[in-house]
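# Structural characterization, general
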Amino acid sequence: MKKAIIPILYALVFSFGNVLAGNKPLPKDINSIINQLTLEQKARLLVGCTGSDNGLSHMVAGSAGYTFPIDSLGIPSINLADGPVGVRITPVPSNWKYIVYDSLGIPSTDPAENPVSGKSPSPYPIKKYTSYCTCFPSTTALAATWNKDIARLEGNAIGDEARAYGVDIVLTPGINIMRNPLCGRNFEYFSEDPYLSGIMGAAMINGIQDKGIGTSLKHFIANNQQTGKLYNDARISQRALREIYLKGFEICIKNSDPWTVMGSYNKIGGKYTQANPELLQTILRDEWKYNGLIVTDWYKKRDTADQLNGGTDLMMPGEQSQIDEIIAGVKSGRISEATLNKSVKYTLELIFKSISYKNWKYTEAPNLSENAELARSIATEGMVLLKNDNSFLPIPKGTKIALFGATAYKSIAGGTGSSNVNKAHITDISTGLENGGYQLNNRLKGIYTKFVEFQNDLLDKHPQSTDWEKLSYNRTVIPEMDLTKAENTIEQEAKNSDIALIVIGRGSGEESDRRLEGDFYLTPEEKFMIDKVSSQFHALGKKVAVVMNVCGVMEMNSWKEKPDAILLAWFPGQECGDAITDIISGKVNPSGKLPMTFPTDYFDIPSSKNFPMVGETKSGKNFDYTNYEEDIWVGYRYFNTVKQSIVYPFGYGLSYTNFSFSKPKIERKNNKWIANIEVTNTGNVSGKEVVQLYISAPETFIQKPDIELKAFGKTRELKPGESEIIKLQFTDYDIASFDENNSQWLTSKGKYLLSFGSSSNDLKATIPFSIRKDKTWKVNDVLKPVEKVNVMKLSIK
Ligand code: BGC
């Protein structure tokens, strides 16, 4: 009887007659679908599975996870794939006829070619061949563009690629705060500042979702170290949480509507974030009105009943014990029907928005060459020119370059871990320079090429890997060559070349935090190379530039005076060499600005007192728990307030031209503050400039940072003499501080100063405005740390 009713209900609820490929209407009444589900079906819907390839659903090789399909109700399986700099799926060769997935849904082999002793587990006929995806520059490099439009374009391109290959949700963006430069995943994050992180993250989300593909805003919250990340309790004052660590997520959700939010692994307030109702229910859902789905981070199973009761809806990638725990939890009353049904509803709503539900079909491959061009232009726009004495750069074509540094010959496109993209190629820096018309000194090139080949053989733990694996997670970062016995070579190169270009490389990944020695600081080989090359070339009146193909912040105070120019290229993605050449040659005028501070030394950073040291920290402080004693004093908020000298400030970056800022104006309209300033290109070449709007609030009983970023804008490419008016806005709420004692946001009455900077240390124009009476916004008194944090007191010079 039941069997007969279900198809009828199904036809009614889903109005099958109206179904058009790609244009399928949403079911009108999700509750009636929920009523038809058995307890087991509900439990399965909330736990990821290995996918299904059955007509309603399709599998995409290399996806990170799938939801459970219920064929009888027309509910397909949807797939979620990483990640932050492009879609991470597996290229499936076009000569494969079948594909076999292992228990995690990862494609292992083609049984047609390699019959797994004739007993292969469920070989699926291949409906389409997935190919490569575009590897965009690291998230940090994107942040350094300070260009929301370009972030949205990148999102559009990632959305197009996901759509072409049938990926429903892309697991991006990660917007955790760069609390400390040694966090191994910082390259996947935007900034030390929550406003820049939130706004750029929202642009990425909007760009992907413009294409009907979902996103996952991650990792909620305080995933700021890799060491002990699975269990670490982040002990943060309520003020620092609200102003720094939650703020970026709040801004992001206000400016976009991510289909999913991913919980982090760590704890907050002594409880796993994924099982923390104060975080997920009170803040995310009640205060911020978030209406999408909350998903776990991958692989680390917790108590499933706690997670559901805490507000998580979907467990990924899923295992049988989680299904059992849900069923048992409902039966014993630990999980209420209402809680279960709420999560089922969020899951169904997500599935019904997906392209899988809308009958996705493979039509054509994405336009990878167009996206490669976009990746190149984003990479150039994110590069930061740190130093350029006597306008050494740009360098004319045809210049004979002595190219030093192993990374120049095997360059770093991105970091390792889940943000790795299976790309078709990486253009090394040496190749890019040659493509751009520079002559590389052949002898030196030969020496490095042999060194790189030797290191590849030595380091390659996977000699059998395919070409694409060698370009992604099996790609090693080559250590620097020891030149101490090659001083003559350096001398000869100085004679035979016009200039020297030194490349410094630094990898980073999800697997670990960074180290101080040989990572944050230069290695002895790198020091020697910079020293000797600079002195030998300078002795002959020849110039030296350093290109940094690195994950993030490094110590630079001890060596920045040596070269004539320094270009910070980050991880520039697959078009690495060509993009760097675009800046070196002047084809593109640099306009990137630092999304974080470069301190003079690591120990100047307040969080250095409470951050794990790789290899040394294995339990207790900074492992099981971390005290965020620096409180809100992260990055420039600290350095500017205490007037501590730094090497390069937040927001800093040079150009090949100059800009002037006019006298600013401010007015109040529709409950908003609207500020205008005119930027003029006063130099000789075209270029773009970023306007950074900082606020200085009156001192009250709450000690406040000297300045805080509250808005920013970027000009279009301005020709010499051209101007553009940049309009920036903010509300009274946006400039509030958190009054922890009263659980409220407070914008105090008094005189405020708005500063328009081209960096946090170069404020070019200011204008005051006043708030006449105190304004407050009450919030819930939640997420207290398990122990009161002994927060740092600033001594202001
Ligand atoms: C990472 C996430 C990622 C997920 C799926 C986890 O290890 O922390 O960022 O999206 O794996 O691959």
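Definitions and limits used
- Residues numbered from 1 in each chain as written.
- Predicted model: local features only at pLDDT ≥ 70, side-chain atom pairs only at ≥ 80, totals over all residues.
- Heavy atoms only, no water.
- Domains from an automatic or database assignment.
- Contact = heavy atoms within 4.5 Å.
- Buried area = accessible area lost by both parts, 1.4 Å probe.
- Salt bridge = Lys/Arg side-chain N within 4 Å of Asp/Glu carboxyl O.
- Polar contact = N/O pair within 3.5 Å; in protein donor to acceptor, adjacent residues only side chain to side chain.
- 1 Å grid on protein atoms, 1.4 Å probe; cavity = no way out; pocket = protein on both sides within 12 Å on 5 of 7 lines; lining within 4 Å.
- Points joined across faces, edges and corners; volume = space filled by probe spheres on them.
- Nonpolar A, V, L, I, M, F, W, Y, C, P; charged D, E, K, R; others polar.
- Helix = DSSP H or I, 4+ residues; strand = E, 2+ residues; numbered from the N terminus.
- Near = heavy atom within 4 Å.
- Areas by Shrake-Rupley, 256 points an atom, 1.4 Å probe, with all protein chains shown as cover.
- UniProt positions renumbered as here; feature names shortened; annotations may be inferred.
- Buried < 20%, exposed > 50% of the residue type's maximum accessible area, 1.4 Å probe, protein only.
- Core = buried A, V, L, I, M, F, W, Y, C linked by side-chain atoms within 4.5 Å.
- Phe/Tyr/Trp six-rings, centres within 6.5 Å; stacked < 30°, edge-to-face > 60°.
- Axes fitted to C-alpha atoms, helices over the stretch in contact; angles between N-to-C directions.
- Parallel < 35°, antiparallel > 145°, perpendicular 65-115°, else oblique.
- Left-handed = near helix turned anticlockwise from the far one by under 90°.

On to the domain arrangement of the protein chain. When its domains are assigned, the protein chain resolves into domain 1 (383–590) and domain 2 (655–778). Computed over C-alpha atoms only, the centres of domain 1 and domain 2 are separated by 37 Å. Between domain 1 and domain 2, the contact holds 10 residues from the first and 6 residues from the second. Together, the buried faces of domain 1 and domain 2 total about 490 Å²; carbon and sulfur atoms form 52% of this surface. Of all residues in domain 1, the largest losses of buried area upon contact with domain 2 belong to L385, N589 and P590, amounting jointly to 77% of the total for that side. Between the two partners, domain 1 and domain 2, sit 0 salt bridges. Between the two partners, domain 1 and domain 2, sit 4 residue pairs in polar contact (both at pLDDT 80 or more).

Remark: the empty space left among the atoms is shown by a probe the size of a water molecule rolled over them. Using the criterion set out here, one finds 4 cavities of 30 Å³ or more in the structure. A volume near 150 Å³ is recorded for the largest cavity. Partitioned by chemical class, the residues of the lining of the largest cavity number 8 nonpolar, 5 polar and 2 charged.

For the rest of this paragraph, the subject is the side chain of N549. Secondary-structure assignment places N549 in strand β17 (residues 544–550). Excluding anything up to four places from it in sequence, N549 contacts T407, S411, I412, I429, V503, I504, G505, R506, W570, F571, P572 and C576.

Turning next to the site of the ligand. Close contacts around the ligand come from 13 residues, with D82, R185, H219, D297 and E510 the closest. The contact in question runs from an oxygen atom of the ligand to an N or O atom on the side chain of D82, over 2.4 Å. Between the ligand and the protein, one listed contact pairs an oxygen atom with a side-chain N or O atom of R185 at 2.8 Å. Relative to its free-state accessible area of 310 Å², the ligand is covered by the protein chains to the extent of 93%.

Turning our attention to the UniProt feature "domain: Fibronectin type III-like" (unreviewed entry) in the protein chain. The UniProt record annotates "domain: Fibronectin type III-like" (unreviewed entry) at residues 689–760. Along residues 689–760, the helical share is 0% and the strand share 54%, with 14 Å between the first and last C-alpha atoms.

Relative to the helices and strands, N176 is located in the loop between β6 (169–171) and α6 (194–209). What makes N176 buried here is its relative accessible area of 2%. Polar side-chain contacts of N176 include one of 3.4 Å to the side chain of Y189. Only 2.9 Å separates the side chain of N176 from the backbone oxygen of H219, close enough to count as a polar contact. Look past the residues within four positions of N176 in its chain and what remains in contact with it is Y189, S191, K218, H219, I221, A222, N223, N224 and F249.

The subject of this paragraph is the nonpolar core. Core analysis: the biggest nonpolar cluster contains 189 residues, and F220, I221, L386, F404, M548 and F756 have the highest contact counts within it. Per element, the largest residue contribution to this core is 9 residues, and it comes from α6. Both domains that meet at this core, namely domain 1 (383–590) and domain 2 (655–778), each give it at least three residues. The contacts of F220, once residues within four sequence positions are left out, are L246, F249, V261, M262, G263, S264, T273, L279, L280, L284 and W288. In this structure, L46, L73, L314 and L350 belong to the second largest nonpolar core, which totals 40 residues.

With that settled, the discussion passes to the packing of aromatic side chains. If you walk through the whole model with that rule in mind, you get 25 aromatic pairs. With a centroid separation of 5.4 Å and an interplanar angle of 20 degrees, the aromatic rings of Y752 and F769 are classed as stacked. Here Y752, found in strand β30 (residues 750–759), pairs with F769, found in strand β31 (residues 762–771); they are 17 residues apart in sequence, far enough to count as distant. Looking at Y752, the relative accessible area reads 2%, which means it is buried.

This brings us to the packing of helix α17 (residues 487–496) against helix α19 (residues 524–539). Two numbers describe how α17 lies on α19: the axes approach to 9 Å, and their chain directions differ by 40 degrees. Between α17 and α19, the angle falls in the class oblique. The handedness of the crossing between α17 and α19 is right-handed. Here α17 contributes E487, I490, E491, E493 and A494 to the contact with α19, which in turn contributes F528, K532, V533, Q536 and F537. Across the contact of α17 with α19, the residue classes break down as 5 nonpolar, 1 polar and 4 charged.

Right, let's get into the pattern of salt bridges. Using the criterion set out here, one finds 43 salt bridges in the structure. Taking the shortest distance from any N to any O, the salt bridge between R475 and D428 comes out at 3.5 Å. Residue R475 is found in the loop between α16 (467–470) and α17, and its partner D428 is found in the loop between β14 (400–404) and α14 (429–435); the two are separated by 47 residues along the sequence. With respect to class, R475 is no different from D428; both count as buried. In this structure, D519 engages R514 in a salt bridge whose closest nitrogen and oxygen atoms are separated by 3.0 Å. For the pair D519 and R514, one class covers both residues: buried. The network of salt bridges with shared partners includes R376, D578, D582 and K587.

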